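A closer look at the structure
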Amino acid sequence: MSSLSQLGRSARAINATLPRVSVARVATNIAPRRTLLTLATAARRQGAVLAQRTSAFNKTSSQTALRAFSTSLPSLDDTEEESEDPTKAERYADETDVVIVGGGPAGLSAAIKLKQLANADGRELRVVLVEKAGEIGAHTLSGAVLEPRALNELIPDWKERGAPLNQPALEDQMKFFTKNYAIPLPHPPQMTNTGNYIVSLSNYVKWLGEQAEEAGVEVFPGFAASEILYNEDGSVKGIATNDVGLDKNFQPKEEFERGMEFHAKVTLFAEGCHGSLTKKLFRQFNLREECDPQTYGIGIKEVWKIDPKKSKPGTVVHAMGWPIDNATYGGAFIYHMGEDMLSLGLVVGLDYENPYLHPYKEFQRWKHHPYVKDLLEGGECLSYGARAINEGGLQSIPKLYFPGGALIGCTAGFLNLIKIKGTHTAMKSGMLAAESTYAAITSDKYEEGKPIVLEDFEQKVKDSWIWKELKEIRNCRPSFHTPLGNLGGVIYSGIDTILLKGRTPWTFHNTTPDHERLRVATNAQKIDYPKPDGVISFDLLTSVSRTGTNHAENQPVHLRLKDKDVPVERNLKIYDGPEGRFCPAGVYEFVEDESGPAGAKRLQINSQNCIHCKTCDIKDPSQNIDWTVPEGGGGPQYSYT
């Protein structure tokens, strides 16, 4: 019998003697594709709940074989309070030194670095990392060509540890696409990939998760952080995970379970691009007061198994031009991953103006370019996904710290757009935050109850190679916002990256948020997209099925409308309903409103399709959509990405 099965039986035995408290959450949150990392974490989570109940039942705080949460429990006998409103019951609270929100490259790098520092000093430092995906790496998607600079600093012996960096980049190509031709172009020196690796970032992050656990980090996948907790002085106290077992009307179901609280001396937010809690921190602490608006892109990607005769392992191809028009920022990538695998995708700037532009359909049309189609014919599409990315660069980086915590990785926006890379900068930011955090917690000046302010973290970033990289290319992305469009941007960026290298006395700015750039529909040209052929191009729902996305039925919709009338009264009337076009997963559609007069429409939200790309929250011209976390464990189950 497996240890996980034994834990389940033990839990059921104790539950029979205790007042009813659901343990369904463990089963709900674990993804079907279980790795050893997931199973180990599931066992620890099951053990944690079991240990809590055992402690309450025996009225003892003795240490169990599987570590119990460190704080005292609310009374399990308070059935009267629970029966009145279980959603108001007191939540379990776990005390830790550091809590990290997000299990991507930045969060895991911060966690590993913290434990490295503590272990080197022989100190006990508790680090907890929560991740909304049911499995570490399941929500991770990128191109990706990895620059191992930060990895070399963090884990110098990564090769011996089996890091999944198996295909070195061997050749770089840059092409300009017309409708029928692929014209070779010189590429900026920053796009040279010698020494880099073509990877599945999802698999790479899974490996980082294993390294974190080996270092002593407590990793909790399937825990969706939904609330920021504050101390009385206004500093960040930690986070709370969302309640599980609510129906679509926010009423508790039979298996309802309150979320948990994690209290920490320092909370590091590593949610990725446009994090749902990071948005709240921006407002709470006015972190964007002295920076430009962030500008974004949406990256849409597929992974194919191709004809071995067409595979060129290590070849990195970047392209611009067709089908993107001169007024719209965008580009494409084709990465030969090895083992006859091909990663390809299209990135479209979310500052596009035409409300009829459909990024997903642009990608499907792009695959029919003769150069791309020839690669794909005879192959098979294995995976699909999409994700918003930060494109604003140096000018759009917010203040990085606040009382009780800091922002790291893509939630702050460290992507190097010219390199088309952000993993190495995200990792480095996490490592720098870990250094500042560890120094503050272990300092002789640390006072219990007084908030830690990581002011030196921001200076560390500015003194690091992150800042140097981003400063050199700071003017490239804004240079595309001229009457010359992409042509002007390419000319300026070429001069800047090859000759000037950012050594200019001027800095261009990102002046307008993406959602304000849409033209009204009456001033825009409709776009006629070809129908998918089912071989090279695919309908949207077929692609969504390849993400493995899933959300438990009858739960609150995590895509919240601030005003239910705005989609029809404003977005549909003025912009002809762009929601159904900017979403790459078929979440939004305008359908007949059967309760209204003939011809009336309403916005239907198919939240079960959501792949957590955050595009709707960014591009909605009315800023009426609020993307929030669903129940932990829901969402895409990416592989190969």
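Residues numbered from 1 in each chain as written. Predicted model: local features only at pLDDT ≥ 70, side-chain atom pairs only at ≥ 80, totals over all residues. Heavy atoms only, no water.

Per an unreviewed UniProt entry, the chain goes by Electron transfer flavoprotein-ubiquinone oxidoreductase and derives from Linnemannia hyalina. Among the UniProt annotations of the chain, the heading Catalytic activity (unreviewed entry) holds the following wording: "a ubiquinone + reduced [electron-transfer flavoprotein] = a ubiquinol + oxidized [electron-transfer flavoprotein] + H(+)". Taken from UniProt, the Function (unreviewed entry) comment for the chain reads in full: "Accepts electrons from ETF and reduces ubiquinone." (UniProt positions renumbered as here; feature names shortened; annotations may be inferred.)

**A few points about the overall build of the chain**
A tally of helices and strands in the chain yields 18 helices and 24 strands. Taking all 641 residues of the chain together, the buried fraction comes to 59%. The long-range fraction of contacts in the chain, counting pairs at least 24 apart against all pairs at least 6 apart in sequence, stands at 77%. By element, 50% of the accessible surface of the chain is carried by carbon and sulfur atoms, the whole surface being about 26,700 Å². (Helix = DSSP H or I, 4+ residues; strand = E, 2+ residues; numbered from the N terminus. Buried < 20%, exposed > 50% of the residue type's maximum accessible area, 1.4 Å probe, protein only. Contact = heavy atoms within 4.5 Å. Areas by Shrake-Rupley, 256 points an atom, 1.4 Å probe, with all protein chains shown as cover.)

**Some points on helix H5 (residues 105–121)**
Counted at 1.5 Å a residue, the expected span for H5 with its 17 residues is 24 Å, and the 24 Å between its end C-alpha atoms agrees. Of the residues making up H5, those classed as buried are Pro 105, Ala 106, Gly 107, Leu 108, Ser 109, Ala 110, Ala 111, Ile 112, Lys 113, Leu 114, Lys 115 and Ala 118. On its buried face, H5 sits against strand E1 (92–101), strand E2 (127–131), helix H6 (149–154), helix H7 (201–215), strand E13 (260–269) and helix H11 (423–442). Just beyond H5, the residue with positive phi is Gly 122, at close to 70 degrees. (Expected span 1.5 Å × (residues − 1).)

**Comments concerning the confidence of the model for the chain**
Detailed conclusions should not be drawn from predicted coordinates in areas where pLDDT is low. The pLDDT averaged across the chain works out to 89; a share of 87% of its residues lies at or above 70. Note that residues 1–82 has pLDDT below 50 and, in this model, 127 contacts with residues that lie over four places away or in other chains. (pLDDT = per-residue confidence, 0-100.)

**Examining the nonpolar core**
Looking at soluble globular proteins, one finds that nonpolar side chains tend to be buried together. Counting residues in each nonpolar core, the largest one holds 86 residues, and the members touching the most others are Leu 268 and Phe 269. Setting aside residues up to four positions removed in sequence, Leu 268 forms contacts with Val 98, Val 99, Ile 100, Val 101, Ala 110, Ala 406, Ile 408, Ala 433, Thr 437 and Leu 454. Counting 55 residues, the second largest nonpolar core, distinct from the first, contains Ile 324, Leu 344, Phe 538 and Val 587. (Core = buried A, V, L, I, M, F, W, Y, C linked by side-chain atoms within 4.5 Å.)

**Examining the pairing of strand E8 (residues 218–221)**
Consecutive side chains of a regular strand alternate in pointing toward one face of the sheet and then the other. Burial along E8 is two-sided: Glu 218 and Phe 220 and Val 219 and Pro 221, pointing in opposite directions, are all buried. Pairing analysis gives 4 bridges linking E2 to E8, with the strands arranged parallel. Of the residues in E8, the one forming a bridge with Glu 131 is Pro 221. (Pairing = 2+ DSSP bridges.)

**What to know about the pattern of salt bridges**
Applying the stated rule across the entire model yields 24 salt bridges. For Arg 126, the salt bridge identified is with Glu 218, shortest N-O distance 2.6 Å. Note that Arg 126 is positioned in the loop between H5 and E2 and Glu 218 in strand E8, a separation of 92 residues in sequence. When sorted by exposure, Arg 126 lands in the same class as Glu 218, which is buried. Counted as one network, the salt bridges with shared partners bring together Arg 91, Glu 227 and Glu 261. (Salt bridge = Lys/Arg side-chain N within 4 Å of Asp/Glu carboxyl O.)

**Digging into the layout of surface pockets**
Counted as a void, the second largest pocket has a volume near 990 Å³. Residue lining of the second largest pocket: 43 residues in total, with Ser 276, Lys 279, Asp 617, Asp 626 and Trp 627 positioned closest to the centre. Put simply, the parts of the chain that give the lining of the second largest pocket at least two residues each are strand E9 (225–230), helix H8 (276–285), helix H18 (615–619) and strand E24 (625–627). The element contributing the most residues to the lining of the second largest pocket is H8, with 7 residues. Looking at the lining of the second largest pocket residue by residue, the classes come out as 14 nonpolar, 15 polar and 14 charged. (1 Å grid on protein atoms, 1.4 Å probe; cavity = no way out; pocket = protein on both sides within 12 Å on 5 of 7 lines; lining within 4 Å. Points joined across faces, edges and corners; volume = space filled by probe spheres on them. Nonpolar A, V, L, I, M, F, W, Y, C, P; charged D, E, K, R; others polar.)

**Examining the packing of H11 against helix H13 (residues 465–472)**
Closest axis-to-axis distance for the H11/H13 pair is 10 Å, and the angle between their directions is 140 degrees. When H11 is examined against H13, the residues His 424, Thr 425, Lys 428, Ser 429 and Leu 432 are found in contact with a partner set consisting of Trp 465, Ile 466 and Glu 469. A per-class count over the contact of H11 with H13 returns 3 nonpolar, 3 polar and 2 charged. (Axes fitted to C-alpha atoms, helices over the stretch in contact; angles between N-to-C directions.)

**Observations concerning the sheet that holds strand E7 (residues 197–198)**
One open sheet holds the 3 strands; their spatial order is E3-E7-E4, and the pairing between them is antiparallel. Bordering the open sheet on either side are strand E3 (145–146) and strand E4 (167–168), each of which pairs with just one other strand. Here E4 runs beside E7; their pairing, made up of 2 bridges, is antiparallel. When the sheet's bridge partners are listed, Pro 168 is paired in E7 with Tyr 197.

**Description of the packing of aromatic side chains**
Applying the stated criterion to the full structure yields 16 aromatic pairs. Ring centres of Phe 223 and Phe 262 lie 6.2 Å apart, and the angle between their planes is 55 degrees; this geometry places the pair in the tilted category. With Phe 223 in the loop between E8 and E9 and Phe 262 in strand E13, this residue pair connects regions lying 39 residues apart in the sequence. An identical accessibility class is assigned to Phe 223 and Phe 262; each is buried. Plain terms: the ring middles of Phe 363 and Trp 366 are 6.0 Å apart, the flat faces sit at 20 degrees to each other, and that makes the pair stacked. (Phe/Tyr/Trp six-rings, centres within 6.5 Å; stacked < 30°, edge-to-face > 60°.)

**A word on the packing of H11 against helix H12 (residues 455–462)**
Close contact between H11 and H12 brings their axes to 9 Å; oriented N to C, the two are set at 140 degrees. As far as their axial angle goes, H12 and H11 are oblique. Crossing of H11 over H12 shows right-handed handedness. Contacts from Ser 429, Leu 432, Ala 433, Glu 435 and Ser 436 in H11 reach Asp 456, Phe 457, Lys 460 and Val 461 in H12. (Parallel < 35°, antiparallel > 145°, perpendicular 65-115°, else oblique. Left-handed = near helix turned anticlockwise from the far one by under 90°.)

**Quick word on the environment of Glu 458**
Note that Glu 458 resides in helix H12. As a C-alpha pair, Glu 458 and Leu 432 span 26 residues in sequence and 8.9 Å in three-dimensional space. Among all residues touching Glu 458, those that are not within four sequence positions of it are Pro 398, Lys 399, Leu 400 and Tyr 401.

**Examining H11**
Over its 20 residues, H11 runs 29 Å from end to end, which matches the ideal 28 Å to within 8%, given 1.5 Å per residue. In terms of residue burial, H11 counts as a mostly covered element, since 16 of its 20 residues are buried.

**Digging into a nonpolar patch on the surface**
Together, Leu 487, Ile 491, Ile 495, Ile 498 and Leu 499 make up a nonpolar patch on the protein surface, roughly 490 Å² of accessible area in all. Note that Ile 498 resides in helix H14 (residues 485–500). (Patch = residues over 30% accessible without salt bridge, like charges linked within 9 Å, V, L, I, M, F, W, Y side chains within 5 Å.)

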